[in-house]
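Survey of secondary and tertiary structure
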Amino acid sequence: MRLIERPEEMRAWVMDRHGRGVTVGLVPTMGALHEGHLSLMRAAVQENGTAVASIFVNPTQFGPDEDYERYPRAFEADCQKAEAEGIAAIYAPDARTMYPLEHSTYVEEEALSRGLCGRSRPGHFRGVTTVVAKLFNAVLPTRAYFGQKDAQQCAVIRRMARDLDFGVEIIELPIVREADGLALSSRNQYLSPEERQEALGIHRGLRAAEALLKEGARDAATVVQAVKDEMGGLRIDYVELLDAHTLEPLATARGTVLLAVAAWAGGTRLIDNLKTQVI
Ligand code: PAF
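Residues numbered from 1 in each chain as written. Predicted model: local features only at pLDDT ≥ 70, side-chain atom pairs only at ≥ 80, totals over all residues. Heavy atoms only, no water.

All right, on to helix H6 (residues 124-139) then. Its 16 residues give H6 an end-to-end C-alpha distance of 22 Å, which sits within 8% of 22 Å, the value for a rise of 1.5 Å per residue. Among the 16 residues of H6, 13 are classified as buried, and the element is accordingly described as predominantly covered. After H6 finishes, the residue Leu 140 shows a positive phi value of roughly 45 degrees. (Helix = DSSP H or I, 4+ residues; strand = E, 2+ residues; numbered from the N terminus. Expected span 1.5 Å × (residues − 1). Buried < 20%, exposed > 50% of the residue type's maximum accessible area, 1.4 Å probe, protein only.)

Let us look at the sheet that holds strand S5 (residues 143-147). If you walk across this open sheet you meet the six strands as S1-S4-S3-S2-S5-S6, and the pairing is parallel. The sheet terminates laterally at strand S1 (2-4) and strand S6 (169-173), the two strands that pair on one side only. Each strand axis lies, on average, 25 degrees off the axis of its neighbour in the sheet, ignoring direction. Where strand S2 (residues 24-29) lies against strand S3 (residues 50-55), six bridges are found, and the strand directions are parallel. By the bridge assignment, Gly 25 is partnered in S3 with Ala 51. Each of S1, S2, S3 and strand S4 (89-91) touches helix H1 (residues 7-19); the most contacted strand, S1, lies at about 135 degrees to it. (Pairing = 2+ DSSP bridges. Axes fitted to C-alpha atoms, helices over the stretch in contact; angles between N-to-C directions. Contact = heavy atoms within 4.5 Å.)

Most of strand S8 (residues 255-265) sits out of view: eight of its 11 residues are buried. Sheet topology places strand S7 (residues 235-243) next to S8; eight bridges connect them, and they run antiparallel. If you follow Arg 235 over to S8, its bridge partner there is Trp 264. As defined by bridge partners, S8 adjoins strand S9 (residues 268-278) across 11 bridges and the pair is classed as antiparallel. In the sheet register, Thr 256 faces S9, and the bridge partner there is Gln 277.

Before going further, it helps to spend a moment on the pairing of S9. By the criterion of burial, S9 is predominantly enclosed, with eight of the 11 residues buried. Taken together, S8 and the strand that follows it, S9, pair antiparallel across an intervening segment of two residues, in which Gly 266 is found at a positive phi of about 60 degrees.

What follows is about the site of the ligand. Neighbouring residues of the ligand: Pro 28, Thr 29, Met 30, Asn 58, Gln 61, Val 131, Phe 146 and Gln 153. Within the side chain of Gln 61, one N or O atom sits 2.6 Å away from an oxygen atom of the ligand. Look at the ligand: alone it shows 290 Å² of surface, and the protein chains cover 88% of it. Here the shell around the ligand is composed, by residue class, of four nonpolar, four polar and no charged. (Near = heavy atom within 4 Å. Polar contact = N/O pair within 3.5 Å; in protein donor to acceptor, adjacent residues only side chain to side chain. Areas by Shrake-Rupley, 256 points an atom, 1.4 Å probe, with all protein chains shown as cover. Nonpolar A, V, L, I, M, F, W, Y, C, P; charged D, E, K, R; others polar.)

Turning next to the pattern of salt bridges. Going through the model one piece at a time under the given rule, you end up with 20 salt bridges. As a salt-bridge pair, Glu 108 and Arg 114 come within 3.9 Å of each other at their nearest N and O atoms. Across the salt bridge formed by Asp 180 and Arg 196, the nearest N and O atoms sit 2.8 Å from each other. With a gap of 16 residues between them, Asp 180 in the loop between S6 and helix H8 (193-215) and Arg 196 in helix H8 connect regions that are remote in the sequence. Linked through salt bridges whose partners overlap, the residues forming this network are Asp 16, Arg 17 and Arg 20. (Salt bridge = Lys/Arg side-chain N within 4 Å of Asp/Glu carboxyl O.)

Here it is, written out as structure tokens:
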């Protein structure tokens, strides 16, 4: 497996593959890889002639009071895991390479990024779209793989890729969970045993709402309340029922809906969601 740290080297490596008609899958990550990331890598390896993973903890998507400094970093172990999945190259620029001195250009999506996490984390999606645009420019992927746990991120990136003609196919793959339902996240490492127990309320809430929807409930307030009822000691940021494509809040569940949750377990902000078809 190749380790590449500069965009021009990355592009040369990938242009050589494209020149030979090889398709390229990209899995963008911030490292601290878990089974969720590895499921994306497996798909990227399977569905493309070659696959690249990027590892970069992106400072521009963290707010000033957020966890950029303490975000888990495990570069050596991450490389071993990626190699075991068949990733051919890791793209891991340092922060100064990604953001040269006097960097002053950003990419901003102005509709889908406004609500949910965009409301609670001002500037977050601007950082995400900027870094993902830069990753697309360096890696020139045919397809890029993202997890549904960050459903809003997927929607924003898909919109950006379309609006800016990246010509990259955006693939969203299902949430990977622990046996007890906790959605995998690099931030789960921050949780104390008690907080982890509390965090399970999110999954219980989503399951309760899913059952209600299956039984025919359509009133968004009822469905949202069913989630909140299970969330005990967690501090809720938002629980919202939205149209999964437009991310517009719904009063009545219809079509493909996204039930999105963000909550704090102690000092750790967790997100999770359920996407389902309602007839
Ligand atoms: O989902 C993530 O890990 C990050 O937001 C991403 C897409 C790698 C951009 O930094």
